[in-house]
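Close look at the chain arrangement
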Amino acid sequence: QGGIGIMYNESLPLSDYYAAIDDHHATRVALRVAESALNSACHRYRIIQKRLLVRFKDSRPADIQNLDLLMRKTHRNLMELASIVQLAQSERARSSTVLACSTQILVYLM
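Residues numbered from 1 in each chain as written. Predicted model: local features only at pLDDT ≥ 70, side-chain atom pairs only at ≥ 80, totals over all residues. Heavy atoms only, no water.

1. Focus on the packing of helix H1 (residues 14–57) against helix H2 (residues 67–109)
When two helices pack together, their arrangement is captured by the angle between the axes and the distance separating the axes. Interaxial distance between H1 and H2 falls to 7 Å at its minimum, and their mutual angle equals 160°. In terms of orientation, H1 lies roughly antiparallel with respect to H2. Helix-helix and strand crossings are classified by hand; for H1 and H2 the assignment is left-handed. Broken down by class, the residue content of the contact of H1 with H2 amounts to 25 nonpolar, eleven polar and nine charged. (Axes fitted to C-alpha atoms, helices over the stretch in contact; angles between N-to-C directions. Helix = DSSP H or I, 4+ residues; strand = E, 2+ residues; numbered from the N terminus. Parallel < 35°, antiparallel > 145°, perpendicular 65-115°, else oblique. Left-handed = near helix turned anticlockwise from the far one by under 90°. Nonpolar A, V, L, I, M, F, W, Y, C, P; charged D, E, K, R; others polar.)

2. What to know about the nonpolar core
Core analysis: the largest hydrophobic core is formed by eight residues, namely Ala-41, Tyr-45, Ile-48, Leu-52, Leu-67, Met-71, Leu-78 and Leu-81. Elements with a minimum of two residues in this core: H1 and H2. Apart from the residues within four sequence positions on either side, Leu-81 is in contact with Ala-37, Leu-38 and Ala-41. (Core = buried A, V, L, I, M, F, W, Y, C linked by side-chain atoms within 4.5 Å. Buried < 20%, exposed > 50% of the residue type's maximum accessible area, 1.4 Å probe, protein only. Contact = heavy atoms within 4.5 Å.)

3. Quick look at the packing of aromatic side chains
Within a pair of aromatic rings, the relevant descriptors are the distance that separates the centres and the angle that separates the planes. Within the structure shown, the criterion is met by one aromatic pair. Ring plane angle 50° and centroid distance 6.3 Å describe the contact between Tyr-17 and Tyr-18, whose orientation is recorded as tilted. The partly exposed category is assigned to Tyr-18, whose relative accessible area is 47%. (Phe/Tyr/Trp six-rings, centres within 6.5 Å; stacked < 30°, edge-to-face > 60°.)

4. Observations concerning H1
Helix length check: H1, at 44 residues, gives a terminal C-alpha distance of 64 Å against a target of 64 Å (1.5 Å per residue), a fit within 8%. When H1 is considered as a whole, its buried residues turn out to be Tyr-17, Ala-20, His-24, Thr-27, Leu-31, Ala-34, Ala-41, Tyr-45, Ile-48 and Leu-52. (Expected span 1.5 Å × (residues − 1).)

5. A short note on the side chain of Ser-95
Structurally, Ser-95 can be placed in helix H2. Non-local contacts of Ser-95, meaning those with residues more than four positions away in its chain, are made with Asp-23, His-24 and Thr-27.

6. Overview of a nonpolar patch on the surface
On the surface, Leu-14, Tyr-18 and Ile-21 cluster together into a nonpolar patch covering about 250 Å² of accessible area. Relative to the assigned elements, Ile-21 resides in helix H1. (Patch = residues over 30% accessible without salt bridge, like charges linked within 9 Å, V, L, I, M, F, W, Y side chains within 5 Å. Areas by Shrake-Rupley, 256 points an atom, 1.4 Å probe, with all protein chains shown as cover. Salt bridge = Lys/Arg side-chain N within 4 Å of Asp/Glu carboxyl O.)

7. Here we look at the side chain of His-24
Mapped onto the elements, His-24 comes out in helix H1. You can call His-24 buried: its relative accessible area is 14%. For His-24, the side chain forms a polar contact with the side chain of Ser-95, separated by 3.3 Å. (Polar contact = N/O pair within 3.5 Å; in protein donor to acceptor, adjacent residues only side chain to side chain.)

8. Section: the environment of Ser-11
When you line up the elements, Ser-11 lands in the segment before H1. For the pair Ser-11 and Leu-109, spaced 98 residues apart in sequence, the C-alpha to C-alpha distance is 9.6 Å.

9. So, the pattern of salt bridges
What the rule picks out here adds up to two salt bridges. Note that Asp-23 and Arg-94 form a salt bridge whose closest N and O atoms lie 2.9 Å from each other. Taken together, the residues Asp-23 in helix H1 and Arg-94 in helix H2 connect sequence positions 71 residues apart. A relative accessible area of 29% means that Asp-23 is categorised as partly exposed. Note that Arg-94 and Glu-91 form a salt bridge whose closest N and O atoms lie 3.1 Å from each other. With a gap of three residues between them, Arg-94 and Glu-91 both fall in helix H2, about one helical turn apart. Arg-94 gets classed as partly exposed once you look at its relative accessible area, which sits at 35%. Residue classification places Glu-91 among the partly exposed residues on the basis of a relative accessible area of 37%.

Right, here's the structure in full:
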């Protein structure tokens, strides 16, 4: 009825589609690893905080034995890991979008 017809005569671009799937999986794994590292660093930070609080609550506080330095380094590490998690989240969102678009194009070509 006067509509436009488009034909695609070549084989489907499955290698590109599989590459998008692999990239999406890799970004999901990278995000999971980054979140796990951030969780571990948070746990260490809380332990150091508790030890410092115990030292300062004591009526005769003992030397803090470089716990303040350790806390500063752990905090710096937390900030770095948080930025890595943010980057991993944006990469996962990008790869998810690429995969969704690739899937849609593949469906149209079928």
